[in-house]
Amino acid sequence: MITVTDLHKSFGSNEVLKGISNKIEEKEVVCVIGASGSGKSTFLRCLNALEEITSGNITISGEDLTNPSIDINQMRSKVGMVFQHFNLFPHKTVLENITLGPLKVKKETKEQANERARALLDKVGLKDKEDAYPKSLSGGQKQRVAISRALAMNPEVMLFDEPTSALDPELVGEVLSVMKDLAEEGMTMVVVTHEMGFAREVGDRVIFIDEGAVVEEGPPEDIFHNPQSERLKSFLGKIL
Amino acid sequence: MDYIIGVTPYLIKGIQLTFIITVIGVFIGFIIGTFAGMGRLAKNKFVFWISTIYVEVIRGTPILVQILFLYFGVSDLLNLDLDKISASIIAIAINAGAYVAEIVRGGIQAIDKGQTEAGRSVGLTSAQTMRYIVWPQAFKQIIPPLGNQFIISLKDTSLFSAIAVHELLYMGKQYAASTFTYFEPYLMVGIFYLIITIPSSIILRKVERRLDV
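Residues numbered from 1 in each chain as written. Chains lettered and ligands numbered in written order. Predicted model: local features only at pLDDT ≥ 70, side-chain atom pairs only at ≥ 80, totals over all residues. Heavy atoms only, no water.

Undergrad: Would you take a moment to explain the overall build of chain A for this structure?
TA: Per the secondary structure count, chain A includes 9 helices and 10 strands. In terms of overall size, chain A behaves like a compact globule, its C-alpha atoms giving a radius of gyration of 18 Å where 240 residues would be expected to give roughly 18 Å. Referenced to the eigenvectors of the C-alpha coordinate spread, the extents of chain A come out at roughly 55 × 45 × 30 Å. Evaluated residue by residue, chain A yields a buried proportion of 55% over its 240 residues. Put simply, 65% of the contacts in chain A that link residues at least 6 apart link residues at least 24 apart. For chain A, the accessible surface area stands at approximately 10300 Å², while carbon and sulfur atoms represent 45% of it. (Helix = DSSP H or I, 4+ residues; strand = E, 2+ residues; numbered from the N terminus. Rg over C-alpha atoms; globule rule 2.2 N^0.38 Å. Buried < 20%, exposed > 50% of the residue type's maximum accessible area, 1.4 Å probe, protein only. Contact = heavy atoms within 4.5 Å. Areas by Shrake-Rupley, 256 points an atom, 1.4 Å probe, with all protein chains shown as cover.)

The following block contains the structure:
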């Protein structure tokens with residue numbers, strides 16, 4: 001589904017990603033963990049070309065993201081992205097937030113787009129909020145709308161960039177449960193997260209990134225119960 | 001008192017022209033400024049430099065010099081038969097455009113980068129992201145400074161008395177010179193400017209409150 005080969009990314013002289021290679025299979029749920037500043041968010045942002053990569057290669061469904069002749073907008077519409085700070089459009093209602101992409105990128109009719117948006121809102125438990133503006137929603141509700149917005153494009157893969165880090169603790173659960181449902185439906189997901197419980201329960205594979213490189217990866221049981229490297233041991237020691 | 005009553009019809013004529021020049025000029029200036037402001041943020045080097053040079057040159061020179069240069073200098077050089085009112089409107093448009101450009105640039109830059117990223121990540125092009133996401137939000141932010149620019153430009157039109165445009169100050173000046181009275185006409189000129197600027201400020205504040213910016 002996604003193949004990353006020797007990915008390097010520098011900001012000026014600061015090399016943030018130092019050669020990451022990985023393969024993400026269809027329907028796989030991959031959780032990316034690591035300390036702040038380890039490069040895990042940058043890695044995720046490279047996957048939908050929000051960051052321009054310095055060198056290396058990324059292919060999504062066989063299409064090369066670094067090929068300058070591909071239609072990057074078309075490509076991005078196949079990759080859903082959920083941000084830490086939601087990034088909902090404050091001047092649009094919940095329904096408009098969700099339908100903007102389908103209307104403008106996929107050229108769906110208003111009826112089609114609205115119908116699909118309502119179905120998604122129903123699914124994330126926000127059926128009655130379609131006319132609300134984002135500022136009247138709680139953080140958990142905002143993030144569920146943001147997930148619906150990404151899903152409305154029928155993406156082949158969903159990327160989550162610390163989706164619960166900006167939430168009050170009591171709101172984390174509602175977002176994680178939506179993500180869990182999504183995983184169970186077979187969505188391919190890459191989740192950068194600090195929620196180790198989620199990684200353990202829902203993740204098929206956990207990748208531990210430190211200082212811009214993959215230090216260790218494997219099934220959650222191995223990563224959490226039988227860490228091999230010192231760096232992962234010390235990271236888990238700090239957070240668990 | 002007689003002079004106050006005497007000067008009023010002249011000033012009513014003058015203020016109409018002042019108002020027309022300002023409204024048309026600022027409107028065109030807003031269009032110029034929108035493009036120049038976005039040009040200041042463009043990746044394209046040529047667009048960036050054209051916009052930047054325009055803004056810096058206009059902001060760096062007095063509007064009085066600009067109007068004299070346009071009305072006498074440019075029209076002479078190109079052999080244009082530019083009438084005073086058109087010259088005034090063009091001068092206000094070009095002048096306000098430079099300031100509007102900076103207002104627009106600031107307004108766009110104030111929008112969180114996450115908004116653009118969210119737009120791009122659902123597959124919108126950068127032009128669509130600008131049009132549907134960034135611009136509507138930026139526009140709210142720039143309304144107050146834009147209103148401010150309207151008031152500044154309105155007052156700037158008084159400088160066009162230098163090329164004998166029959167705007168508000170010129171009309172007052174003419175009356176003063178013909179009657180050899182100075183206190184009342186200039187007092188009234190000031191009051192007439194306030195008749196437009198104070199309500200403008202009040203309207204502006206109301207709009208701001210409604211937009212809750």
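Having seen the structure, we can now continue with the description.
Undergrad: Please explain unusual backbone geometry as it appears in this structure.
TA: Trans is the common state for peptide bonds, and a negative phi is the common state for residues other than glycine. All names here are of chain B. Located in the positive-phi region is N79, a residue other than glycine, with phi close to 60°. The phi dihedral of A164 is positive, around 60°, even though this residue is not glycine. The topology assignment puts A164 in the loop between α6 (126-156) and α7 (168-179).

Undergrad: Looking at this structure, I do not really get the environment of I60 of chain A. What am I missing?
TA: Residue and element names in this part refer to chain A. By the secondary structure assignment, I60 is in strand β4 (residues 55-60). Sequence separation of I60 and L240 is 180 residues, and the distance between their C-alpha atoms is 34 Å. With residues near it in sequence (within four places) discarded, I60 still touches M1, I2, L47, L65, M75 and V79.

Undergrad: Is there a simple way to think about α6 of chain B in this case?
TA: Helical geometry note: an α-helix holds 3.6 residues per turn, so side chains three or four residues apart project in the same direction. Helix length check: α6 of chain B (31 residues) gives 37 Å between terminal C-alpha atoms against 45 Å at 1.5 Å per residue, more than 12% under. In the structure, α6 of chain B departs most strongly from a straight axis at V134 of chain B, where the bend amounts to approximately 45° and where the proline P136 of chain B lies between one and four residues downstream. (Expected span 1.5 Å × (residues − 1). Bend = angle between axes of the 7 residues up to and from the residue.)

Undergrad: In this structure, what is going on with the sheet that holds strand β2 (residues 14-24) of chain A? I would like to understand it.
TA: Two strands in a sheet stick together by hydrogen bonds in their backbones, pointing the same way (parallel) or opposite ways (antiparallel). Residue and element names in this part refer to chain A. Reading across the sheet, the 4 strands line up as β2-β1-β4-β5 and stay open at both edges, with antiparallel pairing between neighbours. One side of each edge strand has no neighbouring strand; the edge strands of this open sheet are β2 and β5 (63-64). Strand direction decides the pairing type here: strand β1 (residues 2-11) and β2, joined by 8 bridges, are antiparallel. Paired with T3 across the bridge in β2 is K23. (Pairing = 2+ DSSP bridges.)

Undergrad: Can you walk me through the side chain of E167 of chain B in this structure?
TA: Residue and element names in this part refer to chain B. Inspection of the secondary structure assignment puts E167 in the loop between α6 and α7. K173 provides the closest opposite charge to the buried, unpaired E167, separated from it by 7.0 Å. Engagement of the side chain of E167 in a polar contact is seen with the backbone nitrogen of S161, the distance being 3.5 Å. If we skip the residues at most four places from it in the chain, E167 touches G14, L17, T18, T157, S158, F160, S161 and Y193. (Lys, Arg positive; Asp, Glu negative; His and termini not counted. Salt bridge = Lys/Arg side-chain N within 4 Å of Asp/Glu carboxyl O. Polar contact = N/O pair within 3.5 Å; in protein donor to acceptor, adjacent residues only side chain to side chain.)

Undergrad: When you look at a nonpolar patch on the surface in this model, what are you seeing that I'm missing?
TA: Residue and element names in this part refer to chain B. Nonpolar side chains collect at one region of the surface, where F19, I20, V23, I24, F27, I28, I31 and F35 lie side by side and expose about 730 Å² of accessible area between them. You can see F19 is positioned in helix α1 (residues 2-39). Overall, the relative accessible area of 37% leaves F19 in the partly exposed class. (Patch = residues over 30% accessible without salt bridge, like charges linked within 9 Å, V, L, I, M, F, W, Y side chains within 5 Å.)

Undergrad: I would appreciate a short explanation of the nonpolar core in the present structure.
TA: One broad trend across soluble globular proteins is that nonpolar side chains are buried collectively. Residues and elements named next belong to chain A. One finds I33, I147, M158, F160, M179 and M189 to be the most contacted residues of the largest nonpolar core, which totals 47 residues. With 8 residues, the top contributor of residues to this core is helix α6 (residues 169-184). Contact partners of M189, with chain neighbours within four places excluded, come to E28, V29, V30, M158, F160, M179, L182 and A183. Among the nonpolar cores identified, the runner-up in size contains 37 residues, and C46, I58, M153 and V190 belong to it. (Core = buried A, V, L, I, M, F, W, Y, C linked by side-chain atoms within 4.5 Å.)

Undergrad: Sorry if this is basic, but what is going on with the packing of α7 of chain B against helix α8 (residues 183-211) of chain B here?
TA: Residue and element names in this part refer to chain B. In the contact formed by α7 and α8, the axes pass within 9 Å of each other and the chain directions differ by 165°. The angle between the axes of α7 and α8 places the two elements in the roughly antiparallel class. Handedness of the α7/α8 crossing: right-handed. Mapping the contact onto sequence places L168, L169, G172, K173, Y175 and A176 in α7 and P185, Y186, V189, F192 and Y193 in α8. Of the residues contributing to the contact of α7 with α8, the split by class is 9 nonpolar, 1 polar and 1 charged. (Axes fitted to C-alpha atoms, helices over the stretch in contact; angles between N-to-C directions. Parallel < 35°, antiparallel > 145°, perpendicular 65-115°, else oblique. Left-handed = near helix turned anticlockwise from the far one by under 90°. Nonpolar A, V, L, I, M, F, W, Y, C, P; charged D, E, K, R; others polar.)

Undergrad: I tried to follow the sheet that holds strand β8 (residues 188-192) of chain A on my own but got confused; where do I start?
TA: All names here are of chain A. If you walk across this open sheet you meet the 6 strands as β6-β7-β8-β3-β9-β10, and the pairing is mixed. Both edges of this open sheet fall to β6 (79-82) and β10 (213-218), since each of them pairs with a single strand only. Averaged over all pairs of adjacent strands, the angle between their axes in this sheet comes to 20°, without regard to strand direction. Bridging between strand β7 (residues 157-161) and β8 involves 5 bridges; their strand directions are parallel.

Undergrad: Sorry, what's going on with the packing of α1 of chain B against α7 of chain B here?
TA: The description of two packed helices rests on the angle between their axes and on the distance between the axes. Residues and elements named next belong to chain B. Orientation of α1 relative to α7, taken along the N-to-C sense of each, is 150°, at an axis distance of 7 Å. The pairing of α1 with α7 is recorded here as roughly antiparallel in orientation. Note on packing geometry: the crossing formed by α1 with α7 is right-handed. Of the residues in α7, those touching α1 at D2, Y3, G6, V7, Y10, L11, K13, G14, I15 and T18 are L168, M171, G172, Y175 and T179.

Undergrad: Could you clarify how one ought to interpret the pairing of β10 of chain A in this entry?
TA: Two faces belong to every sheet, and in a regular strand the side chains alternate between them. Residue and element names in this part refer to chain A. In terms of strand pairing, strand β9 (residues 205-210) meets β10 through 5 bridges, oriented antiparallel. Across the sheet, residue I207 finds its bridge partner in β10, namely E217. Linking β9 back to β10 in an antiparallel pair, the connection comprises 2 residues, with E211 at a positive phi of about 45°.

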